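Chains, contacts and geometry: an overview
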Amino acid sequence: MTFIAKTLKIILLSFVVFMFFIPLYFTFAVSLSSKARINEGVIIPDFYLGNWLEIFGGFGYWRNGIINSLIVSTAAMGVSLLVSLPAAFVFTRYRFLADKHLFFWLLTNRMAPPVVFSIPYLMIWRGLNLWDTHYGLVLAYMVFLIPLTIWILAGFLSSIPKEIDEAAYIDGYSTFTLFRKITLPLLKPAIGVAMFFAWLFSWTEMFFASVLTSSVAKTLPAQLLTALGKVGWGIEYGPAAAAGFVSVIPGLILLYWIRKYLLRGFVIGRL
C-alpha cells in the first residue's frame, strides 16, 4: 500500500471516528449541563450532576425505564434464541413440505414495517390483558426477532458440513444428542451474534414500546420520546441526554464482548 493510500485511509478512519464521537460528546455534555446553561445554547459541560441524579434517583421514572428495558431485552433475547435455535437446525438439516416458503414467510415478517402491526396488536393486547406488560411487549417483539435470529443462525449452520451429522448418527447419536453435544458448541459464534442483534433490537425499539405500554412496562426509549414534550415541564434536555447516554453504554459493552464473533459473522453466514 502506497503512502498516499495509507494517508487517505487514516483520514477516512479519522473522519468516521470523529463523526461517531461528536453526537456522543454532545449528549454527554448536555447531560452534565444545568438547565440554564442548556437554555443559553452552550454545550460545554459545567459538571452539573443533577441530571444523572435524576436518572438513578428522583421519583424512579427513569430508573424504572432502565429496569424495564433490561427485563424486556433480556427476556426477548432468551425467548427468541430458544425458538430460533431448533428452528434454524430444522430448516438447514431437513427438508419438508413448503420449507422454503415458510422460511421466506418468516423473513417477510421481518421486512414489514412495525406500523402495520400496531393497530391489530393494540386491540388484541388490550383484549387479552397483555397491554402495558413485560411479557406482552416481549411477545410482540417475537414477530421481528425470531425471523432475524433464524436467518443468522441458519447462515452459520449452512457452513457446517452435514458429514458431521452423518458421522454422529453412525456413532449412535440421536438428533437431540447431536444438537446438544455437537451443533451447539459449533454454533457459539452464531449464538453470540444472534444475541447481540436480538438484544440490541429490543433495547433500542421505540415504536411498539410506545404503543403497547403506558407506565408499568414502558422502556427507556419510549420514555425518551415522551420526555421531549412533557406538558407543563417543557423539553427536559438534561435528563433525556443522560438517559440517552446510559442507553448507549450496554450496547457498546455487548459489542466489545462479541466483536470477534461479529467479524466471523461477516465472513461466514448471512451478515
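Each remark here, short or long, concerns the structure printed above.
A brief structural summary. For clarity, every value in this text was computed on a predicted model and none was experimentally measured. Throughout, a residue's number is its position along its own chain's written sequence, starting from 1. A pLDDT threshold of at least 70 governs which residues receive local features in this predicted model, and a stricter bar of 80 or more applies before side-chain atom pairs are shown or counted, although totals over entire chains, interfaces and linings include all residues. Water and hydrogen atoms were dropped before computing side-chain values, which therefore reflect all heavy atoms in the structure.

Within 6.5 Å between ring centres, the rings of Phe, Tyr and Trp (the latter by its six-membered ring) count as paired, and their orientation is classed by plane angle as stacked under 30 degrees, edge-to-face over 60, tilted in between. Tallied over the full model, the rule gives 18 aromatic pairs. Here Phe28 and Phe245 contribute two aromatic rings whose centre-to-centre distance is 5.0 Å and whose plane-to-plane angle is 45°, an arrangement assigned as tilted. Taken together, the residues span a long stretch of sequence, with Phe28 in helix H1 (residues 3–31) and Phe245 in helix H13 (residues 237–257) at a distance of 217 residues. Taken together, a centroid distance of 6.1 Å and an interplanar angle of 35° make the contact between Phe144 and Phe201 tilted. Here Phe201 lies in helix H10 (residues 188–204) and Phe144 lies in helix H7 (residues 134–158), a separation of 57 residues in the sequence. Owing to a relative accessible area of 2%, Phe144 belongs among the buried residues under this scheme. Each member of the aromatic cluster is reached from another via a ring pair, and the members are Phe117, Tyr121, Trp125, Tyr141, Phe144, Phe201, Phe207 and Phe208. In this analysis the charged atom, NZ for Lys or CZ for Arg, is taken to sit over a ring once it is within 6 Å of the ring centre and within 35 degrees of the ring normal. One residue, Arg126, lies across the ring of Trp131, its end atom 4.1 Å from the ring centre. Working definition: helices are DSSP H or I runs of at least four residues, strands are E runs of at least two. Numbering for both runs from the N terminus. Residue burial is assigned from relative accessible area. The probe radius is 1.4 Å, only protein chains are included, and a residue is buried under 20% of its type maximum, exposed over 50%, and partly exposed in between.

What follows is about the environment of Glu166. With respect to the helices and strands, Glu166 occurs in helix H8 (residues 162–170). Under the relative-accessibility criterion, Glu166 is labelled partly exposed at 47%. Between the C-alpha atoms of Glu166 and Leu178, which are 12 residues apart in sequence, the distance is 9.9 Å.

Tracing the sequence through the fold places Ile146 in helix H7. In this structure the C-alpha to C-alpha distance between Ile146 and Leu82, which are 64 residues apart in sequence, comes to 9.4 Å. Contacts between residues were defined by any pair of non-hydrogen atoms, one from each residue, lying within 4.5 Å. Here Ile146 is in contact with Ser80, Val83 and Ser84, once residues within four sequence places are set aside.

Here we take up the layout of surface pockets. As defined here, a cavity is a set of points on a 1 Å grid over the protein atoms alone where a 1.4 Å probe fits but cannot get out. A pocket is an open set with protein on both sides within 12 Å along at least five of seven lines, and residues line them when an atom is within 4 Å of a point. Grid points are joined across faces, edges and corners, and a volume is the space filled by probe spheres set on the points. Volume-wise, the second largest pocket comes out at about 190 Å³. Taken together, the elements giving at least two residues each to the lining of the second largest pocket come down to H1, H10 and H13. For the lining of the second largest pocket, the element with the most residues is H13, which contributes five residues.

A few words now on H1. Between its first and last C-alpha, H1 extends 42 Å over 29 residues, near the 42 Å set by a 1.5 Å rise per residue. Maximal helix bending in H1 amounts to about 25°, located at Phe21; proline Pro23 follows within four positions. Where H1 is concerned, the buried positions are Leu24, Ala29, Val30 and Ser31. What a helix should span is 1.5 Å times the count of its residues minus one. One fitted axis covers the seven residues ending at a residue, a second covers the seven starting there, and the bend at that residue is the angle between these axes.

Counted as salt bridges are all cases of a side-chain nitrogen of Lys or Arg within 4 Å of a carboxyl oxygen of Asp or Glu. Under the defined criterion, the tally for this structure stands at two salt bridges. Measuring nitrogen to oxygen at the nearest pair gives 2.4 Å for the salt bridge that ties Asp165 to Arg93. Of this pair, Asp165 sits in helix H8 while Arg93 sits in helix H4 (residues 61–93); the two residues are 72 residues apart in sequence, bridging distant segments of the chain. According to the relative accessible area criterion, Arg93 is buried, its value standing at 15%. With a shortest N-O distance of 3.9 Å, Asp99 and Arg95 are connected by a salt bridge. By relative accessible area, which is 58% here, Arg95 ends up exposed.

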